[in-house]
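# Observations on the three-dimensional arrangement
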Amino acid sequence: MTVTPRARRLATFVFLAVALVFVGALLRGQWTSLDEILAATRRFDWSFDPWQLTAAVAVGVANLFLMGLVWAGLFRRTGGAARPAEAVRIWVITNFGRYIPGKIWQLGGLAVYMRGRGDSGAAALVSAMAFQIISLVTGAAISAATIGLKWAGGDGGWLPGLLTLGLILFAGLHPRVIRWIAGRLGSWLGETVVGVDLGAVDIFRAAAGMLVAWLVYGVGFLLLLRGVGVPWEVSQIHVLTGIFAASYVIGYLVLVAPGGLVVREGAMTALLAELGGLAVGVAAAVAIVARIWMVVTELAALALVLLWPRPAEEEERFA
C-alpha cells in the first residue's frame, strides 16, 4: 500500500501530538513534585547558574544527535537507505514514542515511519532493537565498572573497572547474544522472524559510539548539578556517569513506566544519596531536575530537526 506524503505528514503530526501530550503531563507532574521538594529542602543552598545549565542542555542535545548517528549506522548496515542526517532527524522524532505508555511505540513507530517513507521498515525495526540492546548493555557495563566497584569498596584503581567493563561488553554484545535478545523482542512485538545480521565490527562501532554517549551524558549531568548548586568533584565524574547510566537502564527495563517515569527517579535518588552523600530530599530534587533536563534537551533537539532544511533529493525521493 502506497502512503501519500499528506497521509505521512498527518500520521507524523498525530504521533507527535500524542507523544507531546504525555510529555506535557510528565513535565507538569515533575514540576509540581520539584516545587514541593524544593520547599522541603530550603536549608540546602540552592543556586542557579544559567551558563552551566545552558551548557548542560547543549551537551544533551549534541549527545542525542550522536546517539541518532549510532542508530543511523546500524540502520544502513541492516538494509536501510536513508542518509545519516535524515536518519538522525527521523530517530529524534520517533524517539518521543517512548513517552507513550508501552515501549512498543518507540520501536514499532520507527519501523512504520520508515516503511511509510518507502524505506525498509524491517531494517528500521531490526536496527532499533540492536540499538536498544547495545545502549542497555553499554549502560549496564558503565554502571558496573564505576558505581558497582565503588559500592563494593574496590580500591584497585582503574584496572578492575576496565576488566569489568570489558567482560560485560564481551558477554552482552556477542553477535549470538544480540540475535537471541532480538528474537525475544521480536516475539514480544508480534514479529515471527526477526534476525539481526550484524558483524562484530558493526557492533564494536555502535558500542564505541554508545560508550562515548554515556560519558558525554556524565559531563552534561555534572554541568547540571553544578548549575543548581550541588557540588560534585570532577574527579568523580565516572561515578556520576555510572549513576546516570544505571538509573536510565533500570527505568527502561520497567516496561510499564513510560520513559522510565518514577522508576528512574527513584533509582537515581537512591544512588545519589548512597554514593554521593546527598540528603535524600536533595537527591530527589536532583533526580527530578535531571528528568526535566532530559525532556528539555529532547524538545530542543526536536525543534532543531524540524527546522533544519532537507536536501532537495530527499524531498523528491519521498514526495
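Look a little higher up for the structure.
What follows covers the packing of helix α8 (residues 200-227) against helix α11 (residues 280-307). Relative orientation of the contacting elements α8 and α11 amounts to 120°, with a least axis distance of 11 Å. Considering the angle they form, α8 stands oblique to α11. α8 and α11 meet at a crossing whose hand is right-handed. Contacts from Y217, G220, F221, L224 and L225 in α8 reach V286, V289, A290, W293 and M294 in α11. Its residues assigned to classes, the contact of α8 with α11 comprises nine nonpolar, one polar and no charged.

Turning next to the packing of aromatic side chains. One pair of aromatic rings is described through two measures. These are the centre distance and the angle between the planes. Counted under the stated rule, the structure contains ten aromatic pairs. Centroid distance W214 to Y248: 5.4 Å. Interplanar angle 70°. Geometry classified as edge-to-face. Of this pair, W214 sits in helix α8 while Y248 is found in helix α9 (residues 237-253), placing the two residues 34 residues apart along the sequence. Comparing W214 with Y248, the two get one shared label, buried. Ring centres of F221 and W293 lie 6.4 Å apart, and the angle between their planes is 10°; on these two criteria the pair is classed as stacked. Note that F221 is positioned in helix α8 and W293 in helix α11, a separation of 72 residues in sequence. The same class applies to F221 as to W293, namely buried. An aromatic cluster is present here, built from W214, Y217, F221, F244, Y248 and W293 joined pairwise through their rings.

With 17 residues, α9 should cover 24 Å at 1.5 Å per step; its first-to-last C-alpha distance of 24 Å lies within 8% of that length. With 13 of 17 residues buried, α9 is to be regarded as a mostly interior element.

Turning our eyes to something else, we now look at the nonpolar core. Ranked by size, the top nonpolar core spans 77 residues in total, and within it F221, I243, L272 and V286 carry the most contacts. Put simply, the parts of the chain that give this core at least two residues each are α2 (50-77), α3 (84-94), α4 (104-116), α5 (121-151), α8, α9, α10 (263-276) and α11. Among the elements that take part in this core, α11 stands out by supplying 13 residues, more than any other. Contact partners of V286, with chain neighbours within four places excluded, come to W46, F221, L225, V230, L272 and L278.

Where α8 meets α9, the axes come as close as 8 Å, and the angle between the chain directions of the two elements is 105°. Between α8 and α9, the interaxial angle falls into the category roughly perpendicular. On α9, the residues that touch W214, L215, Y217, G218, V219, F221, L222 and L225 of α8 are I237, L240, T241, F244, A245 and Y248. Residues of the contact of α8 with α9, tallied by class, amount to twelve nonpolar, two polar and no charged.

The subject of this paragraph is the environment of T41. Note on placement: T41 falls in the loop between α1 (5-40) and α2. Since its relative accessible area comes to 10%, T41 is described here as buried. Sequence separation of T41 and A279 is 238 residues, and the distance between their C-alpha atoms is 9.2 Å. Residues contacting T41, with those up to four places away along its chain left out, are W46, G281 and V282.

Cut-offs used in this document
Residues numbered from 1 in each chain as written. Predicted model: local features only at pLDDT ≥ 70, side-chain atom pairs only at ≥ 80, totals over all residues. Heavy atoms only, no water. Axes fitted to C-alpha atoms, helices over the stretch in contact; angles between N-to-C directions. Helix = DSSP H or I, 4+ residues; strand = E, 2+ residues; numbered from the N terminus. Parallel < 35°, antiparallel > 145°, perpendicular 65-115°, else oblique. Left-handed = near helix turned anticlockwise from the far one by under 90°. Contact = heavy atoms within 4.5 Å. Nonpolar A, V, L, I, M, F, W, Y, C, P; charged D, E, K, R; others polar. Phe/Tyr/Trp six-rings, centres within 6.5 Å; stacked < 30°, edge-to-face > 60°. Buried < 20%, exposed > 50% of the residue type's maximum accessible area, 1.4 Å probe, protein only. Expected span 1.5 Å × (residues − 1). Core = buried A, V, L, I, M, F, W, Y, C linked by side-chain atoms within 4.5 Å.

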